[in-house]
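Descriptive structure summary
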Amino acid sequence: MDDVEKAILISFDESGAIDSELKSQAVNFCQQIKETPSVCRLCIEKLCFCKLVQVQFWCLQTLHEVLRVKYGSMNLEEKNFIRKSVFSMACLESIDDKICTIWESPAFIKNKLAQVLVTLIYFEYPLIWSSVFVDFLPHLSKGTVVIDIFSRLLNALDDELVSMDYPRTPEELAVAGRVKDAMRQQCVPQIVRAWYDIVSTYRNSDPEICTTVFDCMSRYISWIDIGLIVNDAFIPLLFELILVDGISEQLRAAAAGCVFAVVSKRMDAYAKLSLLKRLEMTRVFGLISDDNDSELVSSVAALVTGYALEILECSKRVNSEDAKVVSMELLDEVLPTVFYVMQNCEMDAAFSIVQFLSGYVATMKTLSPLKEKQMLHISQILEVIRTQIRYDPMYRNNLDILDKIGMEEEDRMVESRKDLFVLLRNVGRVAPEVTQIFIRNSFASAIASSSDRNVEEVEAALSLLYALGESMTDEAMRVGTGLLSELVTNLLSTRFPCHSNRLVALIYLETITRYMKFVQENTQYIPLVLAAFLDERGIHHPNIYVSRRASYLFMRVVKLLKSKLVPFIETILQSLQDIVARFTSMNLTSKEPAGSEDGAYIFEFSQAIGLLIGMEDVPLEKQSDYLSSLLTPLCQQVEAMLMNAKRLNPEDSPLKIANIQQIIVAINALSKGFSERLVTASRPAIGHMFKQTLDVLLQILVVFPKVEPLRTKVLSFIHRMVDTLGASVFPYLPKALEQLLAESEEIREVQELQKTLFTFLHVITTHDLSSVFLSPRSRDFLTAIMQLLLHTSCHHKDIITRKACVQIFIRLIKDWCARPYGEEKVPGFQSFMIETFATNCCLHSVLDKSFEFGDANTLVLFGEIVLAQKVMYEKFGDDFLVHLVSKGFPSAHCPRNLAEQYCQKLKGSDIKALRSFYQKLIEDLRLQQNGSLVFR
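Keep in mind that this is a model prediction, so the values were computed, not measured.

**Points about the overall build of the protein chain**
Within the protein chain, the secondary structure is distributed over 46 helices and two strands. Here the protein chain has a C-alpha radius of gyration of 41 Å; the compact-globule value for 936 residues is 30 Å, and the former is much larger. Sequence separation of at least 24 residues holds for 73% of the intrachain contacts in the protein chain that already meet a minimum separation of 6. Only carbon and sulfur atoms are counted for the fraction: they give 52% of the accessible area of the protein chain, which is about 42,900 Å². Charge separation in the protein chain, taken as the distance between the mean sites of 97 positive and 115 negative side-chain charges, equals 6 Å.

**So, the side chain of Ser 294**
Take Ser 294: it is sitting in the loop between α15 (282-285) and α16 (295-317). For Ser 294, a relative accessible area of 5% corresponds to the buried category. Here the side chain of Ser 294 touches Glu 249 through a polar contact of 3.2 Å, side chain to side chain.

**Concerning the packing of helix α12 (residues 234-243) against helix α13 (residues 249-264)**
It is the contact of α12 with α13, at a shortest axis distance of 8 Å, that shows an interaxial angle of 140°. In terms of axis orientation, α12 runs oblique to α13. Here α12 and α13 pass one another in a crossing that is left-handed. Contact with α12, carried on its side by Leu 238, Phe 239, Leu 241, Ile 242 and Leu 243, involves Leu 251, Arg 252, Ala 255, Ala 256, Cys 258 and Val 259 of α13 and no other residues of that element. Among the residues forming the contact of α12 with α13, the class breakdown is ten nonpolar, no polar and one charged.

**Re the packing of aromatic side chains**
On inspection of all chains with the given rule, the structure shows 26 aromatic pairs. For the ring pair Tyr 71 and Phe 123, a centre distance of 4.5 Å and an interplane angle of 5° mean the geometry is stacked. Taken together, the residues span a long stretch of sequence, with Tyr 71 in the loop between α4 (53-70) and α5 (76-90) and Phe 123 in helix α6 (residues 107-124) at a distance of 52 residues. Taking the relative accessible area as the measure of exposure, Tyr 71 reaches 7% and is therefore buried. With a centroid separation of 5.6 Å and an interplanar angle of 45°, the aromatic rings of Tyr 902 and Tyr 918 are classed as tilted. Of the two residues, Tyr 902 is situated in helix α45 (residues 896-907) and Tyr 918 in helix α46 (residues 911-929); the sequence distance between them amounts to 16 residues. In this structure Tyr 918 comes out as buried when scored by relative accessible area, which is 1%. Above the ring of Phe 81, the side-chain terminus of Arg 41 is found at 4.1 Å from the ring centroid. Over the ring of Tyr 466 we find Arg 514; its NZ or CZ atom is 4.6 Å from the centre of that ring.

**Some remarks on helix α36 (residues 684-703)**
Over its 20 residues, α36 extends 29 Å from the first C-alpha to the last, a length consistent with the 28 Å expected when each residue adds 1.5 Å. Every buried residue of α36 is listed here: Ile 686, Gly 687, Met 689, Phe 690, Thr 693, Leu 694, Val 696, Leu 697, Leu 698, Ile 700 and Leu 701.

**Overview of the side chain of Thr 305**
You can see Thr 305 is positioned in helix α16. Within the structure, the side chain of Thr 305 is placed 3.1 Å from the backbone oxygen of Ala 302, a separation counted as a polar contact. The contacts of Thr 305, once residues within four sequence positions are left out, are Val 338, Val 341, Met 347 and Phe 351.

**Some words on the UniProt feature "domain: Exportin-1/Importin-beta-like" (unreviewed entry) in the protein chain**
UniProt records the feature "domain: Exportin-1/Importin-beta-like" (unreviewed entry) at residues 106-258, using the numbering of this structure. Taken end to end, residues 106-258 comprises 71% helix and 0% strand; its first and last C-alpha atoms sit 27 Å apart.

**Digging into the domain arrangement of the protein chain**
Structurally, the protein chain comprises domain 1 (225-367), domain 2 (522-743) and domain 3 (760-931). Here the C-alpha centre of domain 3 lies 74 Å away from the C-alpha centre of domain 1.

**Thoughts on the environment of Val 213**
Its location among the elements puts Val 213 in helix α11 (residues 207-220). A relative accessible area of 1% means that Val 213 is categorised as buried. Sequence spacing of Val 213 and Asp 878 is 665 residues, and the spatial spacing of their C-alpha atoms is 96 Å. Setting aside its immediate chain neighbours within four residues, Val 213 contacts Ile 147, Ser 151, Trp 195, Ile 198 and Val 199.

**A word on helix α31 (residues 577-584)**
Of the residues making up α31, those classed as buried are Ile 579, Val 580, Phe 583 and Thr 584. The arc that holds every buried residue of α31, seen down its axis, measures 125°, which confines them to one face. In α31, the exposed positions angled more than 90 degrees off the buried face are occupied by Gln 577 and Arg 582.

**Focus on the nonpolar core**
Judged by nonpolar contacts, the single largest core of 337 residues is most densely connected at Phe 133, Met 183, Phe 214 and Phe 554. Those residues in contact with Met 183 that sit more than four places away from it in its chain are Tyr 125, Phe 133, Leu 154, Leu 157, Val 188, Ile 191, Tyr 220 and Trp 223.

**Re the pattern of salt bridges**
This structure, assessed with the given rule, holds 41 salt bridges. The salt bridge involving Arg 41 is made with Glu 77; its shortest N-O contact spans 3.7 Å. A residue pair is termed long-range when its members are at least 10 positions apart, and Arg 41 in helix α3 (residues 39-49) and Glu 77 in helix α5 qualify at 36 residues. Taking relative accessible area as the criterion, Arg 41 reaches 42% and is therefore assigned partly exposed. The exposure class assigned to Glu 77 is exposed, which follows from its relative accessible area of 57%. Ionic pairing is found between Arg 193 and Asp 197, a salt bridge with its closest N-O pair at 3.3 Å. In this pair, Arg 193 and Asp 197 both sit in helix α10 (residues 188-202), four residues apart, roughly one turn of the helix. What makes Asp 197 partly exposed here is its relative accessible area of 32%.

**Regarding the confidence of the model for the protein chain**
The predicted model of the protein chain has a mean per-residue pLDDT of 90, with 95% of residues at 70 or higher. Taken together, the stretch residues 590-597 has pLDDT below 50 and engages in seven contacts with residues farther than four places along the chain or on a different chain. Counting contacts from residues 931-936, a segment whose pLDDT is below 50, to residues more than four positions away or on other chains yields 13 contacts.

**Some points on the state of the cysteines**
In total, this model carries zero disulfides according to the counting rule given. Among the cysteines around Cys 50, which has no disulfide bond, Cys 59 carries the closest sulfur, lying 7.4 Å off. When its relative accessible area of 7% is taken as the criterion, Cys 50 is described as buried. Of all cysteine sulfurs in the structure, the one in Cys 258 sits closest to Cys 216, which takes part in no disulfide; the separation is 9.2 Å. Residue class for Cys 216 comes out buried when judged on its relative accessible area of 0%.

Criteria and cut-off values
Residues numbered from 1 in each chain as written. Predicted model: local features only at pLDDT ≥ 70, side-chain atom pairs only at ≥ 80, totals over all residues. Heavy atoms only, no water. Helix = DSSP H or I, 4+ residues; strand = E, 2+ residues; numbered from the N terminus. Rg over C-alpha atoms; globule rule 2.2 N^0.38 Å. Contact = heavy atoms within 4.5 Å. Areas by Shrake-Rupley, 256 points an atom, 1.4 Å probe, with all protein chains shown as cover. Lys, Arg positive; Asp, Glu negative; His and termini not counted. Charge placed at Lys NZ, Arg CZ, Asp CG, Glu CD. Buried < 20%, exposed > 50% of the residue type's maximum accessible area, 1.4 Å probe, protein only. Polar contact = N/O pair within 3.5 Å; in protein donor to acceptor, adjacent residues only side chain to side chain. Axes fitted to C-alpha atoms, helices over the stretch in contact; angles between N-to-C directions. Parallel < 35°, antiparallel > 145°, perpendicular 65-115°, else oblique. Left-handed = near helix turned anticlockwise from the far one by under 90°. Nonpolar A, V, L, I, M, F, W, Y, C, P; charged D, E, K, R; others polar. Phe/Tyr/Trp six-rings, centres within 6.5 Å; stacked < 30°, edge-to-face > 60°. Lys NZ or Arg CZ within 6 Å of the ring centre and 35° of its normal. Expected span 1.5 Å × (residues − 1). UniProt positions renumbered as here; feature names shortened; annotations may be inferred. Domains from an automatic or database assignment. Arc of directions from axis to C-beta. Core = buried A, V, L, I, M, F, W, Y, C linked by side-chain atoms within 4.5 Å. Salt bridge = Lys/Arg side-chain N within 4 Å of Asp/Glu carboxyl O. pLDDT = per-residue confidence, 0-100. Disulfide = S-S within 2.5 Å.

This is the structure in structure tokens:
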């Protein structure tokens, strides 16, 4: 062993026994050798004399690298030497009277030799080394060793250059085209003949080499002349090997792979259809069995599904009636086997079940009525869908407790079901009756299924029924088209043994909710619906995920059924007595953290109760009792906690605050069931109860002035009360705003509070409540509010907030100002708008360079500012126009002719033209002043 061999062995060592410094030296030494001019001769010499696989691999890898990088700079003698030597190794020829024994080496060494040959072919075929393939063929007679290397060469050529399964550079594509063209012209027929002879010779004595040849051959069928394979010699041989018992299963599978390549070859649709018919594929259908682990079954399954897909594609592309009939006949033959494969075999990754079935269903849309065989195929498609959407029982516990494995499996199934349910809806449109009968039978079958599969069968049947509802029109659902009435009745009246399972319980409730439009028209089913939501199948389900979802869905049911539930309110509240008791005596412990899910649960449950008891159909006395029974204990809890706030120790404080938060959320949601008309006009006593509640909740701001979550929740409730109580809530606002502003010390909090305040003022004006600003208790705040709105509309960094303030002014102008020369409803407001707002907001603020017309939100604000000018002209007339033209525009150095054009545009009716002109005017003034205007 010389130094080179030692260095190579050390550099490849992964045992950890070699000193790292020594290994580093060895790697460097090997790298230096690569840089020497004679490295190629050294490598070939080592390959001839050394049997150490590390040395062989290093030498072949080095040859490969040198050829790729330095081929263009090599001299002719060196290229000839490398070409002759490498070819001799592959063909078991001697090199300087020495036969290289590389064929005895492991497969990865032979693959590396093939890769070196492919690199030479890349640079030299066909212009320099035109005979490489023709020269190789005579050596195949030496036996399986050379046949194996030749197959590896062809495989490497496909991997490295020809196959389009890998991204290629433009140069590589050009070389691949050149190589394929030359091979087609020169040697492909001879290579195909060699394949046939090899398989015929070795099929019994060496099935492994035949398998190797077939695997290689299947790569090339896509681009060689199909007539070389599809003939009276090769096709019978392939099918004979596929069908015969007693030989290697790998060989039979490889033969099937070649037929699959034939079936998949791109060609004219009519020629393809003729080819597919000629293959007589029915003879292989019987090979498919339940043995999923069998390589033969997997290969034949891929062949059958690929064959079916090709027929379907042909049926879309042919136009003649005869060709369409042939394609449908072939499909009818293969589909039962395809359906079996889909349900029982491991599918080829490249085959999309949904894509194929969707394509087949699409062909039926033009057929009416469907034939019996097509009806049978529809049923089989539905069975495939059911099989595909069914969970594996092995994940049952994971899915029920929803651990990490369960969540991953549920996510996977949700994703895979999307396309399957689209397919189901398409099938439902093509054959609605067959689809409904199938779902009814699935439902009955699931109920009767054994306990080891009961959960998955029931969940799949319910999911099918749910998905069916998505494809139905509202009208069809209301009248109970077809078997729908029977299906919904079965759904509501059935109690499943597996109802405690999370997945079954969830899809059951979702499905009931999906069909509520049917229940709306068939109110006799309401008691069954209520029972499902109120007992242990719904809100009282032991699984917290189910009970939470049930609360949300129950809220939706209440919204849909509304007054139809009035006769059942007592029953509902009695059924929910324990939940209501928990709800009205909230007492979180350290073991029950208040998370967002808990908040949502409380919100949805409270909203459902509010919607129930907030209807005008409920008698006033009952309504008052119901509401009092909920609000009184909740408010008492808040008052008690506020009284004890000073005595709270630091450990209890977060829990008490969380309790108060949840109470505010509950009351807020509860109030959503009560309309403004009911609480202010028809039943003011109910409104009074909410005002008392507001009084209590405002105390939270006094006791906990700096607890941000509580401040946010209280502010949200104030917003809610503006919507619910209307103008009567205004007397409470000064106190609330005073407290909110008093404790807002941090800049960020002040900004957020301001934003909330402006949103609140916007709500007041847009809900026809601007008159509350003029009440005796509010007059004192009016000037301050106007100045704040003005400053914000001009200066605030948030464009959305500025826009809201401008909109408030527009609304106030419309509410408080009559047409020109009318009575002044708010003394001083008109002059404030003309002299201050118009000049500062409508002119100076938009002249400032910070006002960016390139920003979308800024353009929307600009539109509101232009609209404000239009409204001011409509309400104030020439008073507004004269002041702006005589005082405002001169301060901005606006030329008189532009001012006159502005007046004309303002008096016109085209608001878009006014906006475009005013933007151009502002941009011109900016250029004139170079953005130097001092902002007022």
